[in-house]
Amino acid sequence: MRRSMRKFLLLGIAGLLVGALAACAKAQGPHIVVEDAWGRPSPKVATAGAFYMTLRNTGNEDDALIGAESDACGTVELHESFKTPEGAMGMRPVEGGKIVIPAGETVELKMGGLHIMCIDKQVDFTPGTKVQLTLHFEKSGDMPIEVEIRQPK
Amino acid sequence: MRNLSRGLWLGVGAVLLIVLGWWAWDRFRPYAFHGTVLQSAEPAFDFELQSADGPVRLSDFRGKVVLLYFGYTFCPDVCPTTLFEVQRTMELLGDDADQVQLIMISVDPARDTPERLKEYVQYFHPSFIGVTGSEDAIAEVATHYGIYYQKHEGTPATGYLVDHTATITVIDRKGYVKLVFPYGTPAEDMAADLAYLIRH
């Protein structure tokens, strides 16, 4: 009885060690998780559309979104809406051409702020449409995702 | 025992008083607008601009509450965010929605044709109207409503972009500027203010 318990304990410790090692190996570098990627429905005449999402970096190294591409867009650029010194609303390409996602942090691309701009839309953005988008990260490389066209929540 | 029932009655009385007081306060307090209230000495500037369905004058809508929004169709974030909130506002207003008229005035007359504007605004609500005009005509209207807009360089793909005041100007049924909704005003707040303006 006692011997079998000790055996179990040893096995358990060994298992924990292997698990911890695996976790360590995995946690090296940035690790980007994309959540809730969506785009607003827009009429055909609106030549530009915007995609929004949550970017989480669960790794231990900073990364940055440096661009994206999609067959649904002529050009894709990273933009942000901002309040001008005059109190008006403006839009501009993001500073340095990239959106930094620091290690362990979450960056939200949301209405009235950072967004991925789809210029020269090639398809109708009707609710329910799925748009294939490839995100380019500085370190994590390319990440294909699906963007759902829907009304804001 | 007697003390207990006396306490009970006192308690009931106090609760009744509180309920009555709250009711009276709620019933007779002045309405507090969510938007910024403006007091205009003169009626709002009566412009005439072009829609896909012909000329549109502000005075055409006397008797309705008019919402003026300055924007442009290339704008993918701020303008649709605002127009979608107004769409939700119209839904919240229910039958009162036909007492409200949104007019979007283009701050990008070089690229926004009346037809383009029509398709754009009607995507949000079938009643919405989009108007444009000459650069001078737009500038005159914007100045009268205190709207700032300024073109600035974009990227080769976007072409120029336009910074613009992203507020909604509310004109009451008599044609006076009454309220300003800042960018980001929730539909619930706009609907409450507009419902009040429709009834008073």
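For the structure itself, look to the data block above.
Rules used in this analysis
- All residue numbers refer to position in the chain's written sequence, counted from 1.
- Written order determines the labels here, with chains lettered from A and ligands numbered from 1.
- Where totals are concerned, whole chains, interfaces and linings use all residues; where local detail is concerned, this predicted model gives features only for residues with pLDDT of at least 70, and gives and counts side-chain atom pairs only at 80 or more.
- Hydrogens and water molecules were not included; the side-chain quantities draw on all heavy atoms of the structure.
- Aromatic rings from Phe, Tyr and Trp, taking only the six-membered ring of Trp, are treated as a pair when their centres fall within 6.5 Å; an angle between ring planes under 30 degrees marks them as stacked, one over 60 as edge-to-face, and anything in between as tilted.
- A simple rule labels every residue: compare its accessible area, found with a 1.4 Å probe on the protein chains alone, to the largest value its type can have, and call it buried under 20%, exposed over 50%, or partly exposed in between.
- Each ring is checked for a lysine NZ or an arginine CZ that lies within 6 Å of its centre and within 35 degrees of its normal; such an atom marks a charge sitting over the ring.
- For the purposes of this section, nonpolar cores are sets of buried Ala, Val, Leu, Ile, Met, Phe, Trp, Tyr and Cys residues that join through side-chain atoms within 4.5 Å.
- In what follows, residue pairs with any heavy atoms lying within 4.5 Å of each other are defined as contacts.
- Exposure above 30% relative accessible area and no salt bridge define the residues that can form patches, which grow by joining like charges within 9 Å and nonpolar side chains of Val, Leu, Ile, Met, Phe, Trp and Tyr within 5 Å.
- Shrake-Rupley sampling with a 1.4 Å probe provides the accessible areas, and residues are treated as covered by the protein chains on show and by no other component.
- Each reported salt bridge corresponds to a side-chain nitrogen of Lys or Arg within 4 Å of a carboxyl oxygen of Asp or Glu.
- Runs of H or I in DSSP of at least four residues are treated as helices and runs of E of at least two as strands, each being numbered from the N terminus.
- Grid points spaced at 1 Å over the protein atoms alone were grouped into cavities, where a 1.4 Å probe fits but cannot get out, and pockets, open sets with protein on both sides within 12 Å along at least five of seven lines, with lining residues defined by an atom within 4 Å of a point.
- Grid points are joined across faces, edges and corners, and a volume is the space filled by probe spheres set on the points.
- Under the grouping applied here, Gly and all other residues not named as nonpolar or charged are polar, the nonpolar ones being Ala, Val, Leu, Ile, Met, Phe, Trp, Tyr, Cys and Pro and the charged ones Asp, Glu, Lys and Arg.

(A) Up close: the packing of aromatic side chains. Residue and element names in this part refer to chain B. Applying the stated rule across the entire model yields 7 aromatic pairs over all chains. Ring geometry for tyrosine 31 versus phenylalanine 33: centroids 4.9 Å apart, planes at 85°, classification edge-to-face. Exposure remark for tyrosine 31: the relative accessible area of 28% places this residue in the partly exposed category. Three or more aromatic residues joined by ring pairs form one cluster here, namely Tyr31, Phe33 and Tyr196. Geometry around phenylalanine 74 places arginine 111 over its ring, the cationic atom sitting 5.3 Å from the centre.

(B) Structural context of the nonpolar core. Within the largest apolar cluster, 63 residues are counted, with the highest numbers of intra-cluster contacts made by Ile105 and Tyr145 of chain B. Ignoring any residue separated from it by four or fewer positions in sequence, one finds tyrosine 145 of chain B in contact with Ala44, Phe45, Phe47, Leu58, Leu68, Phe70, Thr169, Ile171 and Val177 of chain B. Ranked by size, the runner-up nonpolar core spans 26 residues in total, among them Met53, Cys73, Val76 and Cys118 of chain A.

(C) Structural detail: a nonpolar patch on the surface. Where nonpolar side chains cluster on the molecular surface, the patch consists of Trp22, Trp23, Trp25 and Phe28 of chain B and spans about 580 Å² of accessible area. Among the structural elements, phenylalanine 28 of chain B can be located in helix 1 (residues 2–28).

(D) Structural view of empty space enclosed by the protein. Applying the stated criterion across every chain yields a total of 3 cavities of 30 Å³ or more. What the largest cavity holds in volume is close to 70 Å³. Lining the largest cavity are Ser81, Met89, Gly90 and Met91 of chain A together with Tyr72, Cys75, Pro76, Asp77, Val78, Val162 and His164 of chain B. Contributing elements (two or more residues each) for the lining of the largest cavity: strand 5 (89–93) of chain A together with strand 8 (161–164) of chain B. Grouping the constituent residues of the lining of the largest cavity by class yields 7 nonpolar, 3 polar and 1 charged.

Treat this as a map of the structure, not an account of what it does.
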